[in-house]
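Coordinate analysis (summary)
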Amino acid sequence: MNKKEALEIVKSSGYELENLSDELKKDKEIVLEAVKQNGTVIQFADDSLKKDEEIVLEAIKNNGYAFEYVDQIFKKDKKIVLEAIKIDGTLISYADKSLTKDREIILHAVKAHGAALEYADDAFKKDREIVLEAVKQHGSAIQYADEDFKKDNEIVLEAVKKDGYALEYTD
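Residues numbered from 1 in each chain as written. Predicted model: local features only at pLDDT ≥ 70, side-chain atom pairs only at ≥ 80, totals over all residues. Heavy atoms only, no water.

Direction vectors running N to C along helix 5 (residues 103-112) and helix 6 (residues 128-137) enclose 20°, while the axes themselves pass 7 Å from each other. Judged on the interaxial angle alone, helix 6 and helix 5 are roughly parallel. Here helix 5 runs over helix 6; the crossing is left-handed. Contacts between helix 5 and helix 6 involve Arg103, Ile106, Leu107, Val110, Lys111 and Ala112 from the first element and Glu129, Ile130, Glu133, Ala134 and Gln137 from the second. Here the residues of the contact of helix 5 with helix 6 sort into six nonpolar, one polar and four charged. (Axes fitted to C-alpha atoms, helices over the stretch in contact; angles between N-to-C directions. Helix = DSSP H or I, 4+ residues; strand = E, 2+ residues; numbered from the N terminus. Parallel < 35°, antiparallel > 145°, perpendicular 65-115°, else oblique. Left-handed = near helix turned anticlockwise from the far one by under 90°. Contact = heavy atoms within 4.5 Å. Nonpolar A, V, L, I, M, F, W, Y, C, P; charged D, E, K, R; others polar.)

As structure tokens, this is what we get:
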């Protein structure tokens, strides 16, 4: 199969990247076209292209879950991590641990999905603003909060407003 044929195939279905030869999986144009169809197919690309910022950003913009498959260097990259957690805050679980100590990152993550609080540094589980944002977005996130917040009327009320089952995790 030549490059032109491969491009046509991945344009119709990005998943076809998986079935291409190793040589074609190293071709930036082919991989870029494939991740435009479905970002998660970055997992089938050659490792060298998982380090390519253009491909990584395109993959994540198409499907935030592509973040799981990108090279480690991007899991420490604040710009890339912010792009991924816009789609789903719990994707912070794939980020470098140093970023779980970054207040800006964690605030963005819990605003996108309150359950991201589970992956935050313990200091943020004691941070009223972050916990409040988390439970407003996902009531059951209260289960990851510091014990003091499980007795806090305002936080418990916000959590239960969002999800009645959150009461299960309160004092």
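Relative to the assigned elements, Glu18 resides in the loop between helix 1 (3-12) and helix 2 (28-37). For Glu18, a relative accessible area of 41% corresponds to the partly exposed category. When the C-alpha atoms of Glu18 and Ala34 are compared, they prove to be 9.8 Å apart, with 16 residues separating the residues in sequence. Leave out the neighbours within four places in its chain, and Glu18 touches Lys25 and Phe44. (Buried < 20%, exposed > 50% of the residue type's maximum accessible area, 1.4 Å probe, protein only.)

Time to look at the packing of aromatic side chains. Counted according to the given criterion, the structure contains zero aromatic pairs. Cation over ring: Lys75 sits above Phe67, and NZ or CZ is 5.9 Å from the ring centre. (Phe/Tyr/Trp six-rings, centres within 6.5 Å; stacked < 30°, edge-to-face > 60°. Lys NZ or Arg CZ within 6 Å of the ring centre and 35° of its normal.)

What follows is about the side chain of Asp152. Within the secondary structure layout, Asp152 lies in the loop between helix 6 and helix 7 (153-162). A polar contact of 3.1 Å, which involves the side chain of Asp152, links it to the backbone nitrogen of Ile155. (Polar contact = N/O pair within 3.5 Å; in protein donor to acceptor, adjacent residues only side chain to side chain.)

A few words now on helix 6. Buried within helix 6 we find Ile130, Val131, Leu132, Ala134 and Val135. If you follow the buried residues of helix 6, they end up packed against helix 5 and helix 7. With a side-chain oxygen lying 3.1 Å from the backbone nitrogen of Glu129, the N-terminal cap of helix 6 falls on Asp127.

The next point concerns the pattern of salt bridges. According to the stated counting rule, one finds 17 salt bridges in the structure shown. Note that Lys28 and Glu54 form a salt bridge whose closest N and O atoms lie 2.9 Å from each other. With Lys28 in helix 2 and Glu54 in helix 3 (residues 53-62), this residue pair connects regions lying 26 residues apart in the sequence. A relative accessible area of 43% places Glu54 in the partly exposed class. A salt bridge links Glu158 to Lys161; the shortest N-O distance between them is 3.2 Å. With a gap of three residues between them, Glu158 and Lys161 both fall in helix 7, about one helical turn apart. A single network of salt bridges, built from pairs that share partners, joins Lys3, Asp27 and Glu29. (Salt bridge = Lys/Arg side-chain N within 4 Å of Asp/Glu carboxyl O.)

Looking now at the packing of helix 3 against helix 4 (residues 78-87). One can describe the packing of helix 3 onto helix 4 by two numbers: an axis separation of 9 Å at closest approach and a directional angle of 15°. If you check the angle between helix 3 and helix 4, you find them roughly parallel. Seen along the crossing, helix 3 lies across helix 4 with a hand that is left-handed. Packed against helix 3, whose contacting residues are Glu53, Val56, Leu57, Ile60 and Lys61, the element helix 4 presents Lys79, Ile80, Glu83, Ala84 and Ile87 at the interface.

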